[in-house]
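As a plain string of letters, each chain reads:
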Amino acid sequence: MIGKYKIPKGTNLFLWIYHLHHNDQYFPDPEKFDPERFRPSSPQLLSRPSYAYVPFSAGSRNCIGQKLAMLEQKTLVATIVKHFDIESRDPFDTLWPSLEFVLTTVQPLMIKLKPRSEI
Ligand code: HEM
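Residues numbered from 1 in each chain as written. Predicted model: local features only at pLDDT ≥ 70, side-chain atom pairs only at ≥ 80, totals over all residues. Heavy atoms only, no water.

- For the protein, the name recorded in an unreviewed UniProt entry is CYP4V2, with Cordylochernes scorpioides as its organism.
- What UniProt states about the protein under its Function (unreviewed entry) heading is, verbatim, "May be involved in the metabolism of insect hormones and in the breakdown of synthetic insecticides."
- Under Subcellular location (unreviewed entry), UniProt gives the following word-for-word description of the protein: "Endoplasmic reticulum membrane". (UniProt positions renumbered as here; feature names shortened; annotations may be inferred.)

**Observations concerning the environment of tyrosine 18**
Moving on, step 1. Turning to its location among the elements, tyrosine 18 is positioned in helix H1 (residues 17-20).
Moving on, step 2. With a relative accessible area of 30%, tyrosine 18 lands in the partly exposed category.
Moving on, step 3. Leave out the neighbours within four places in its chain, and tyrosine 18 touches Glu31, Pro97 and Leu103. (Helix = DSSP H or I, 4+ residues; strand = E, 2+ residues; numbered from the N terminus. Buried < 20%, exposed > 50% of the residue type's maximum accessible area, 1.4 Å probe, protein only. Contact = heavy atoms within 4.5 Å.)

**A word on the pattern of salt bridges**
Moving on, step 1. For the structure shown, the criterion picks out 4 salt bridges.
Moving on, step 2. Two residues, glutamate 36 and arginine 39, come together in a salt bridge whose shortest N-O distance is 2.5 Å.
Moving on, step 3. By relative accessible area, arginine 39 is classed as partly exposed at 36%.
Moving on, step 4. Of the charged contacts in the structure, one is a salt bridge between glutamate 87 and lysine 112, with a shortest N-O distance of 3.5 Å. Of this pair, glutamate 87 sits in strand E1 (residues 84-88) while lysine 112 sits in strand E4 (residues 111-115), placing them 25 residues apart in sequence.
Moving on, step 5. Beyond isolated ion pairs, a larger network of salt bridges with shared partners links Glu87, Lys112 and Lys114. (Salt bridge = Lys/Arg side-chain N within 4 Å of Asp/Glu carboxyl O.)

**Some words on the side chain of arginine 37**
Moving on, step 1. Along the chain, arginine 37 turns up in the loop between H1 and helix H2 (43-47).
Moving on, step 2. Despite its burial, arginine 37 pairs with no opposite charge, the nearest such side chain being aspartate 34 at 4.3 Å.
Moving on, step 3. Polar contacts involving the side chain of arginine 37 include one to the main-chain carbonyl oxygen of aspartate 29, which spans 2.8 Å.
Moving on, step 4. Ignoring anything within four residues of it in the chain, the contact list for arginine 37 reads Phe27, Pro28, Asp29, Pro30, Lys32, Ser42, Gln44, Leu45 and Arg48. (Lys, Arg positive; Asp, Glu negative; His and termini not counted. Polar contact = N/O pair within 3.5 Å; in protein donor to acceptor, adjacent residues only side chain to side chain.)

**Observations regarding the site of the ligand**
Moving on, step 1. All residues in the neighbourhood of the ligand are listed as Ile17, Pro55, Phe56, Ser57, Arg61, Asn62, Cys63, Ile64, Gly65, Leu68, Ala69 and Gln73.
Moving on, step 2. At 2.7 Å from an oxygen atom of the ligand is found a side-chain nitrogen or oxygen belonging to arginine 61.
Moving on, step 3. With 3 residues, the top contributor of residues to the shell around the ligand is helix H3 (residues 66-83).
Moving on, step 4. Each residue belonging to the shell around the ligand can be placed in one class, and the counts come to 7 nonpolar, 4 polar and 1 charged. (Near = heavy atom within 4 Å. Nonpolar A, V, L, I, M, F, W, Y, C, P; charged D, E, K, R; others polar.)

And the structure:
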């Protein structure tokens, strides 16, 4: 049973993480860039159920690359945003999500890196 649903033995279940992370009960205004949601001591994070945010899945088959991916983001992404302002060349509402092995867009996502004047 999951809530009121009886799941027969052997059923394959697919958790749509994108949808989960757009649940405005836990992520108000979900498309808004709001790093505050993820600050460890933020009230929003503290009141959120721990399985409401699972970018690397959870449990025994979760992502084995999580630590590497987080390290890459802290080094590569942090270095890029330190030196550049990033803007999309395409307006957000013209992008169509595409669920492939990873969630991407149908058309290539073209970005422009502008050197930052001050660091
Ligand atoms: C931001 C980057 C990444 C995200 C968001 C991510 C996300 C995930 C998720 C959600 C799963 C579970 C899939 C499922 O339930 O079937 C998974 C599994 C896995 N990931 Fe990642 N991943 C990332 C980076 C990486 C990297 C860098 C590696 C390897 C170097 C990696 C290797 C794997 C492997 C091998 C599994 C399968 C684990 C298993 O089935 O036991 N991932 N990842």
